[in-house]
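# Notes for the structure review
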Amino acid sequence: MRAVVAWTDHVPEHDGVRSVCFDIAFRPDGSQFIAAVGSRVLMYDAADGDLLHSLKGHKDDVYCVAYSRDGKRFASGGADKTIIIWTHKLASGTATDFGIWSPEQKSVSKHKAPSKVLCAAWTADGQHLALGMYHGLISICDKCGVEQVVVQRPGPVWTLQWNTLQNKTSDTLAVGCWDSTLSFYDLSGKQIGKDKNIGFDPCSVIYHDSKYLCLGGSDKKVHGLYLERYAFRDAMTDVVIQHLITEEKVRIRCRDYIKKIAVYMERVAVQLSNRIIVYELNKDVAGARAAQYRVCARINRSMECNLLVLTSEHITLCQETKLQLFSLDGIKKREWLLESIIRYIKVCGGPRGGEGLLIGMKNGLVVKLWINSNFPIRLYKHTNGIRCLDLSSRRVRLAIVDEAANVLVYDIETKEISFEEKSASSVAWNTNMEDMLCYSGTGMLNIKTADFPVHRQKLQGYVVGFQGSKIFCLNHLSMQTIEVPQSTSMCHYVEKRQYGDAYKVACLGVTEADWRMLALAALKGQAWDVAKKGFIRLRDVCYLDLIHRLEKGHCSHVQKSTFGALVLAYQGRFKEAADAYIEAGQMGMAMEMYSDLRMFEEAKALAVAENELRSEVTDTVTTTSIKREADVQEIIQRQAEWTEETKDHETAADMYLVAGQPEKALSLLVEHGPASKLIEVARRLKKTQVKELMHCAVLMRRGGHYAHAFETYTRLGDFRSILSLHVELEQWDDAFAIKRLHPEIVDEVALPYAQWLINHDRFDHARLAYSHAGRSDLSERLLTQLMDNALKEKRFKDGARLCRNLALEVLAQVAVFAKANDAGMEKLKFEEFCELRLRADIFYAYSFIYQSINEPFRTSLPETLFNISRFLLARIPQDPPRPVSLVNILVTLAKHSEQLGLYKISRHTYERLQKYKVPQSWVDKVEVATLIMRGKARRPDEPKMDLPTCYACSSPLPIASSSTQDICCNCSQPIFRSSITYDQLPLVEFVLDEGVSHEQAMLLSGATSARNNSHCVENPLELGQQRVSSNKSTRPGLVVATKAMLRNLQGALVLVQTCPVQYEKPRYFYVVDPTLPVTQCSSCYHFFEQEEMDLATLEHGSCPFCEIPLTPPSHSLMPTLGNNLVGQSEHGNLLQLLPLPSPENSSNQTPVNGLEPKNSKSTDQPLFCMTKH
């Protein structure tokens, strides 16, 4: 078969290059022919070869072309990696216009669009085109682009599609809008049926077989909000963080698909396909134009969740009914399983690492969950599911929007619903105002403040935040910050005269006119503070000055009738203000105004006019003249004040005197001089002018002219003021002299004198002054403070002495309460005295241990330190008084036990030390010493030490005993030790048998002293024999002495100790071994060996414990202990401070200069009275 050429066509060259035909294709019906030539697609008439269209759409060579089976469209593919499907009708849209092309047109016809075109669809016949736009417009145009119908939707129209139905004359348009609705329209724009809420944002819609509709979309808005920080996903892989107030934006490029975003404070959590990254604001970058974020944590694993919540140190994943808490390292911390699907979750503040979550569920339950707790807190149970909720700034009220679009406010404290409204989609509390919330719905913004009516205005979108006057609204895909003035709410508060709340609302944001209205209303309502703040905001100085005067009480005379005149005066309209004052009948206020303005002539004219008016009304001329004189004097006084302001003080003083104000004249002369004129005025005054003279003396005293003040007080005979001036000038000799000469003056001198003594470190004299003033409580406070300071400075001997002095003060109080018959306080004070006495012994003994540990040279022997340690451990059963260290005592005992060869005690002490916290520098030494002692415990040649024996039962005393008391383990007899070496003394304490009184015991024991010593009975107390006393109150361990035993006692070896209070009975001691002399301090009554006491007296001249001076040591076998030692200052046993002057004994007064003692040692009274028989 031979082919015949029907037609040919030569394609022209393009820029000197011949075009290549890569492919051709026929239309299935054979009527048309297309060819791929260069970068164009050429369409020919197959019958005659006419070129119908030259289509340009590719950017490079077109390689292939092909028709569809029905021949309605064809496709082309090229080197630009693009496939284009060509139809007979082509429409395209941009952000500003849309274009239409058809084969009949040689070019694309473009038309302007009011908004960005998102989608387009042709009708089946190609005669109409529907366009969906971003602003919610649906435009139906004809085939030429002429708009026929416009439909307005509430959200962006993302997809639409035409469908031809049977038995219908026109097509039906299906519209998918991003308000989660699907709607239908006919060709005329009339809606068919109602909107269908599909629960997600439709992205694509297509008809199948004209019967079924396929719809696809998204229900995820990937964003997060915390206060004013808003983060959202952009371009699927980027996070944009926007500050809603400053409009600053920061972009974070994650380079991966972003699933979830959460924001909290300055951190952002981003969930990617297989990991979670937490970013935080980088504050270390200085000088950067925009904020920068850096990675602070990563969780490199995939986690599925419906909601992502970020807190300061954790991430919470929400999946249906389950909540999982993870740390920023990816470690699972906690998990909760709730009873319904979680619909809303929000962080409601809390401490770092312990934030709270507010959760709303599908079943209407609202719970509050602290992330550091396992148990949710049930807040409220609603009937419908929760769509949105928020908690007020004080966390006491809950706002809820349910699935039925109802908004309600629930008070958590009262358990009541305080507000309820319909047609709401979202709600938010104001973060700066507790009583203000806003909610949106049906295109309206509603603001509810307190109990006032709801304020409404138009607003599209959803309210997601409310901060001050700024409302954060999510409108479709963008977040907007809307400034809403709070004028309406402020006016409601002003109407209720709640100016404080109105000011809070105004601070959120109102206009300047609203500020002025609030300030004036508060001024009229006498709310000075609010008015002042309002006028400060307006910078109105005149009103600020008025408010200042009103607050200070300078305008207390202002009434409602004259308030307008006062306002006119502050506006500078003085003549009108004066007329208003006169009209209100307050001419005096007009005169005062002129006087304040230094317009004295106008003030005098008003005074004359007022007096003339009064003279016409009244017939008494004398009264009018007196009134006129008073008014003139007042004006002169004002003029004097103005003269004083001009620094002409002498003239002002003269004018004050003329105006009858001598006090002001005198004070002006004192302050500015000359002093000679003030003294001259005072001397010219008469004695009868007591008030003026007294004022003059006060001004002289204030100005430092003390000699002239003394002269004036003496002239007035005011010895009380003279005494107070001596005290003020610290002239104590003169003060006490005045006190002695005038005992009727009740002013107290001792207390300020005591304070002066304390300031000069003369504490013993201060104690005596307090005692003279009858303020033993201040004396106790002084001693307590001195004792605490001494113990803090580790001066334990001084602390012991001060503690003993404090015990004496308490003992004196015991006698006071006994005299007042207050048995309860008497017993309480005596217990406090016993406690202080014990603490004094502990502090004194511990001073030797502290010295041996912390000082380079040691003055105590190992045996002494060993005895002291045992002494302290016996008196410290549990915790020692601060700052005594039990570790130091145990270390001393262990160390010196080892030196003395007492390895068992040392080993036991080291083992006991393991229970206490030893200083770090001692740990190794203690452990080594413990091991050494364990090794020495098994040696057969372990040295032994002669055990001491009990002087009562002759039983050996174990050196290491589990008893916490220093007593004999056999007979419970107390062990008495020397207060220097702490060795055991040969003393035995005994008690009297029943029926033997104290006086009988003294007579019986004294009878033996009168007999010859050769008839003395050995062992008169029958020591070592078991005896049971019939007296049930006898303490265990004490020897019971009968009358027969008392007759055999040697009086020189008996010591009796009595207490001045009823709670402690007399104590009796017997010296068992006369060869070991025993002595006792006559002040503190501690036992000592005679030789030790003699040495201490020669070395220090005082008792080692109480530091009271003693007489030189005697050479007798036994010390002279008494015959009533109280008050024996002539022997040097007790030094009394000289007493303060007393008004009851003015005839035998101690000189004032004698208040300072010759010796600053303690002046304590004795604890007990000791007698020897």
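Residues numbered from 1 in each chain as written. Predicted model: local features only at pLDDT ≥ 70, side-chain atom pairs only at ≥ 80, totals over all residues. Heavy atoms only, no water.

So, on to the overall build of the protein. Scanning the protein for helices and strands turns up 29 helices and 54 strands. Out of the 1173 residues in the protein, the part that is buried amounts to 46%. Pairs at least 24 residues apart make up 43% of the contacts formed inside the protein by residues separated by at least 6 positions. Here the protein has roughly 61,400 Å² of accessible surface; of this, 51% comes from carbon and sulfur atoms. (Helix = DSSP H or I, 4+ residues; strand = E, 2+ residues; numbered from the N terminus. Buried < 20%, exposed > 50% of the residue type's maximum accessible area, 1.4 Å probe, protein only. Contact = heavy atoms within 4.5 Å. Areas by Shrake-Rupley, 256 points an atom, 1.4 Å probe, with all protein chains shown as cover.)

Glancing now at the sheet that holds strand E38 (residues 397-402). Reading across from one edge, E37-E38-E39-E40 is the order of the 4 strands in this open sheet, with antiparallel pairing throughout. Sheet topology places strand E37 (386-391) and strand E40 (416-421) at the edges, where each strand pairs with a single neighbour. Going from strand to strand, the sheet's axes swing by 20° on average, the running direction of each strand aside. Judged from the 5 bridges that link them, E37 and E38 form a sheet pairing that is antiparallel. Looking at the pairing, Asp390 lines up with Ala399 of E38. (Pairing = 2+ DSSP bridges. Axes fitted to C-alpha atoms, helices over the stretch in contact; angles between N-to-C directions.)

Interhelical geometry of helix H22 (residues 823-854) versus helix H24 (residues 886-899) gives an angle of 75° and a closest axis separation of 10 Å. Between H22 and H24, the interaxial angle falls into the category roughly perpendicular. Each of Tyr846, Ile849 and Ile853 in H22 lies in contact with H24, whose residues at this interface are Asn888, Ile889 and Thr892. Of the residues assigned to the contact of H22 with H24, the class counts are 4 nonpolar, 2 polar and no charged. (Parallel < 35°, antiparallel > 145°, perpendicular 65-115°, else oblique. Nonpolar A, V, L, I, M, F, W, Y, C, P; charged D, E, K, R; others polar.)

The next point concerns the nonpolar core. Counting residues in each nonpolar core, the largest one holds 76 residues, and the members touching the most others are Leu872, Ile889 and Cys1103. Counting residues per element, this core draws most heavily on H22, at 11 residues. With 53 residues, the next largest nonpolar core counts Val505, Leu518, Ala522 and Met591 among its residues. (Core = buried A, V, L, I, M, F, W, Y, C linked by side-chain atoms within 4.5 Å.)

Take the sheet that holds strand E6 (residues 74-78) next. Ordered by their spatial adjacency, 3 strands build an open sheet running E5-E6-E7, and the pairing between neighbours is antiparallel. Each of the sheet's edge strands pairs with one partner strand only, and the pair in question is strand E5 (62-67) and strand E7 (83-86). Averaged over all adjacent pairs, the angle separating strand axes in this sheet is 20°, with direction ignored.

What follows is about helix H20 (residues 776-792). Across its 17 residues, H20 extends 24 Å between first and last C-alpha, which sits within 8% of the 24 Å expected from 1.5 Å per residue. Restricting attention to buried positions, one finds in H20 the residues Leu778, Ser779, Glu780, Leu782, Leu783, Leu786, Met787, Ala790 and Leu791. Of the surrounding elements, those touching the buried residues of H20 are helix H18 (750-759), helix H19 (763-772), helix H21 (796-819) and H22. Lys794 lies just past H20 and shows a positive phi near 65°. (Expected span 1.5 Å × (residues − 1).)

Take H21 next. Taking 1.5 Å per residue as the helical rise, H21 with its 24 residues ought to reach 34 Å, and the 35 Å between its terminal C-alpha atoms agrees with that figure. The buried fraction of H21 amounts to 17 of the 24 residues, a majority that puts the element mostly inside the structure. Positive backbone phi, approximately 60°, marks Asn821, located one or two places after H21.

With that settled, consider the pairing of strand E4 (residues 51-56). Of the pairings in the sheet, the one linking strand E3 (residues 40-45) to E4 comprises 5 bridges and is antiparallel in character. Note on E4: the bridge partner recorded for Leu42 is Ser54. Connecting E3 to the antiparallel partner E4 that follows it, the hairpin turn spans 5 residues, and Gly49 within it adopts a positive phi of roughly 85°.

A few words now on the side chain of Ser487. Within the secondary structure, Ser487 is located in helix H1 (residues 487-495). The contacts of Ser487, once residues within four sequence positions are left out, are Val510 and Asp514.

UniProt feature "repeat: WD" (unreviewed entry): in the numbering of this structure it lies at residues 55-86. The distance from the first to the last C-alpha atom of residues 55-86 is 9 Å, and the span holds 0% helix and 53% strand. (UniProt positions renumbered as here; feature names shortened; annotations may be inferred.)

We now examine the pattern of salt bridges. Applying the stated criterion to the full structure yields 30 salt bridges. Glu403 is the partner of Arg343 in a salt bridge, and the nearest nitrogen-oxygen pair spans 2.2 Å. Here the residue Arg343 occupies a position in strand E33 (residues 342-347), and Glu403 occupies one in the loop between E38 and strand E39 (407-411), the gap between them amounting to 60 residues. For Arg343, a relative accessible area of 37% puts it in the partly exposed group. Here Glu403 falls in the partly exposed class, since its relative accessible area comes to 37%. A salt bridge links Asp529 to Lys533, with the nearest nitrogen and oxygen atoms 3.3 Å apart. Linking Asp529 with Lys533, this pair stays in helix H4 (residues 528-538), spanning 4 residues, or about one helical turn. With relative accessibility at 42%, the residue Asp529 sits in the partly exposed group. (Salt bridge = Lys/Arg side-chain N within 4 Å of Asp/Glu carboxyl O.)

Across the protein, the average pLDDT comes to 78, with 79% of residues at or above 70. Segment residues 618-628 is flagged for pLDDT under 50; beyond a separation of four residues in sequence, or across chains, it makes 6 contacts in the model. Of the regions scoring below 50 in pLDDT, residues 1008-1014 engages in 11 contacts with residues more than four places distant in sequence or in other chains. (pLDDT = per-residue confidence, 0-100.)

Across the junction of Arg882 and Pro883, the peptide omega takes the value 0°, indicating a cis bond. Here Pro883 is to be found in the loop between helix H23 (862-875) and H24. The backbone of Ala405 sits at a positive phi, close to 65°, despite the residue not being glycine. Mapped onto the elements of the fold, Ala405 is located in the loop between E38 and E39. One non-glycine residue, Arg497, lies in positive phi territory at about 60°. As for its placement among the helices and strands, Arg497 is situated in the loop between H1 and helix H2 (499-508).

On to the state of the cysteines. Going through the model one piece at a time under the given rule, you end up with 0 disulfides. Its sulfur unpaired, Cys971 is 3.5 Å from the next cysteine sulfur, which belongs to Cys953. (Disulfide = S-S within 2.5 Å.)

All right, on to the pairing of strand E24 (residues 249-253) then. Burial of E24 is one-sided: the residues Val250 and Ile252 facing one way are buried, the residues Lys249, Arg251 and Arg253 facing the other way are not. Sheet analysis places strand E23 (residues 238-243) next to E24, joined by 5 bridges and oriented antiparallel. Each residue of the ladder has a partner; that of Val240, found in E24, is Arg251. The antiparallel hairpin formed by E23 and E24 contains 5 residues in its connecting segment, where Glu247 sits at a positive phi of about 60°.

The next point concerns the packing of H22 against H23. At a minimum axis separation of 10 Å, H22 and H23 run at an interaxial angle of 145°. Between H22 and H23 the crossing geometry is left-handed. Contacts from Leu838, Asp841, Ile842, Ala845, Tyr846, Phe848, Ile849 and Ser852 of H22 reach H23 at Leu865, Ile868, Ser869, Phe871, Leu872 and Arg875. When the residues that make up the contact of H22 with H23 are grouped by side-chain class, the tally is 10 nonpolar, 2 polar and 2 charged. (Left-handed = near helix turned anticlockwise from the far one by under 90°.)

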